[in-house]
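Spelled out, the chains give:
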Amino acid sequence: MSFRANLVEWETFKNLGNVVQDYYSTLTGWMIPISRVMDAHNIDIANALKECDISQDVMTDQESRIAAEKLTHLLEYCNKALNRHDFSVLVAEQFHPGMFHALGYAMMSSNTLYDALERIAHYKRVVSNTCQLFNHERNEQLIFEMDVFTYESTNRPILSQTTVETFLATIIRFARELVSADFAPLKVCFSYPTPNHDLTYLTDFFNCEVEFDSSQTSIIFDLKQSQEKLLCGNPLITHSHEKMLDEFMARVDKNDLSHTIKNKIFELLPLGAPSQTEIAEYLGMSLRNLQRKLHDQGTSYKEILESTRKKLAMNYIIQKHLSLSEIGYLVGFSSVGNFNRAFKRWTTQTPGDYRQGSNSP
């Protein structure tokens, strides 16, 4: 394989990896408890967000998303700032139902803890697309299992141990709001390797056995206790919030279609810009159906292709080892002239002028 082919393959793979990382995301509602803990421990929020490459908008828009990788970086940043490992349970202690959007309030009005756990498993895409959640019964126990997705290229879990700790601890904090302040599960299991630091903060918080190197990541509840009727149960409130969740899920699904198309475009661009017909065939739908779905979302294939090319080009242009002709090739243009015209349309500058003015190293 030629040097050029190797370069194209590597650069495509690297950028596709970045896109995939951006694709896996979670609600910015997590910033409610995270910011409270940061305030309480005098961690500069603005500086932390900047260090973790997170927009300040996450503090005001509770319906937006944050990349899972960036949330993980923020949790690790805060652990390091505190010189400890228990930021996960500190966040859980600041639980607020709004962090899960309408799902949090639907869970709070559930008839039983079992119902609430079923609800979060069903609507988990509202919160995040980084895992699957399952509930199953075994020997008078309810197993709330968390199957974390992995990156296909490296098999690395999308969520770090700290992030999973934060989520499971939040589930238990939520259960204590529903059942009783001293509620404790039977056992908490992590499929992650045993950390080399003190784990007392986890056993103290969960108030049960905590196991690492387990075959699964899960919380084990007493089945009978999980099925006891709760005083806060209110089917009318739950139903109204579920209507909101169904609408929200529809919006999430629309975004997923766009992400799927963008990821395929990233993969195919070095071979030339894929046609709308090729993308429709990849998705297993007719060209007309694809056009209709994108129209319903207020976009088009042409707009998605344009924005994807622009994003890639802006990433490549600051990499001085890549020539302008190589960049044009990587983003799917058959000639430097076509690439130059497109770049000028995006930035009002030629690629050469833009690169010279960026002063990048």
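Check the entry above for the structure.
First things first, this report covers the structure right here in the doc.

What counts and what doesn't
- Residues numbered from 1 in each chain as written.
- Predicted model: local features only at pLDDT ≥ 70, side-chain atom pairs only at ≥ 80, totals over all residues.
- Heavy atoms only, no water.
- Helix = DSSP H or I, 4+ residues; strand = E, 2+ residues; numbered from the N terminus.
- Contact = heavy atoms within 4.5 Å.
- Phe/Tyr/Trp six-rings, centres within 6.5 Å; stacked < 30°, edge-to-face > 60°.
- Lys NZ or Arg CZ within 6 Å of the ring centre and 35° of its normal.
- Salt bridge = Lys/Arg side-chain N within 4 Å of Asp/Glu carboxyl O.
- Buried < 20%, exposed > 50% of the residue type's maximum accessible area, 1.4 Å probe, protein only.
- Axes fitted to C-alpha atoms, helices over the stretch in contact; angles between N-to-C directions.
- Parallel < 35°, antiparallel > 145°, perpendicular 65-115°, else oblique.
- Nonpolar A, V, L, I, M, F, W, Y, C, P; charged D, E, K, R; others polar.
- 1 Å grid on protein atoms, 1.4 Å probe; cavity = no way out; pocket = protein on both sides within 12 Å on 5 of 7 lines; lining within 4 Å.
- Points joined across faces, edges and corners; volume = space filled by probe spheres on them.
- Pairing = 2+ DSSP bridges.

Here we look at the environment of Tyr282
Here is step 1: Structurally, Tyr282 can be placed in helix α13 (residues 276-283).
Here is step 2: When the C-alpha atoms of Tyr282 and Ile261 are compared, they prove to be 9.2 Å apart, with 21 residues separating the residues in sequence.
Here is step 3: Each residue touching Tyr282, except ones within four places of it in the same chain, is listed here: Thr260 and Lys264.

A look at the packing of aromatic side chains
Here is step 1: Scanning all chains against the criterion turns up 14 aromatic pairs.
Here is step 2: A ring pair is formed by Tyr24 and Tyr151, whose centres lie 6.0 Å apart and whose planes are at 75°; its orientation type is edge-to-face. Here the residue Tyr24 occupies a position in the loop between α1 (3-23) and β1 (25-27), and Tyr151 occupies one in the loop between β4 (141-148) and α9 (161-178), the gap between them amounting to 127 residues.
Here is step 3: An aromatic cluster is defined as three or more aromatic residues linked by ring pairs; in this entry it consists of Trp30, Phe95, Phe100, Phe167 and Phe174.
Here is step 4: The ring centre of Phe205 lies 4.9 Å from the NZ or CZ of Arg176, which sits over that ring.
Here is step 5: Above the plane of the ring of Phe333 lies Arg309, whose end atom (NZ or CZ) is 3.9 Å from the centre.

What about the pattern of salt bridges?
Here is step 1: Counting across every chain of the model gives nine salt bridges.
Here is step 2: Its salt-bridge partner being Arg84, residue Asp86 comes within 2.6 Å of it at the nearest N-O pair.
Here is step 3: For Asp86, a relative accessible area of 13% puts it in the buried group.
Here is step 4: A residue is classified by how much of its surface remains accessible, and Arg84, at 34% relative accessible area, is partly exposed.
Here is step 5: A salt bridge links Glu306 to Arg345; its shortest N-O distance comes to 2.6 Å.

Some thoughts on the packing of α13 against helix α14 (residues 287-296)
Here is step 1: Between α13 and α14, the shortest axis-to-axis distance is 9 Å and the interhelical angle comes to 95°. The orientation of α13 with respect to α14, classified from their angle, is roughly perpendicular. Between α13 and α14, the contacting residues are Gln276, Thr277, Ile279, Ala280 and Leu283 on the first element and Leu287, Leu290 and Gln291 on the second.
Here is step 2: Of the residues in the contact of α13 with α14, the class split is five nonpolar, three polar and no charged.

Description of empty space enclosed by the protein
Here is step 1: Taken as a whole and assessed by the stated rule, the structure comprises one cavity of 30 Å³ or more.
Here is step 2: In this structure, the largest cavity encloses a volume near 190 Å³.
Here is step 3: If you trace the largest cavity, you find 17 residues lining it, with Thr26, Trp30, Ser128, Leu159 and Phe167 closest to the centre.
Here is step 4: Elements that contribute at least two residues to the lining of the largest cavity include exactly α4 (68-82), α8 (124-127), β3 (131-138) and α9.
Here is step 5: Class assignment for the residues of the lining of the largest cavity results in eleven nonpolar, five polar and one charged.

Some points on the pairing of strand β7 (residues 217-222)
Here is step 1: Among the six residues of β7, five are classified as buried, and the element is accordingly described as predominantly covered.
Here is step 2: Pairing between β4 and β7: six bridges, direction antiparallel. Opposite Glu145, over in β7, you have Ser218 as the bridge partner.
Here is step 3: Direction of pairing for strand β5 (residues 187-189) relative to β7: antiparallel, over a ladder of three bridges. Considered in β7, the bridge of Cys189 is made with Ser218.

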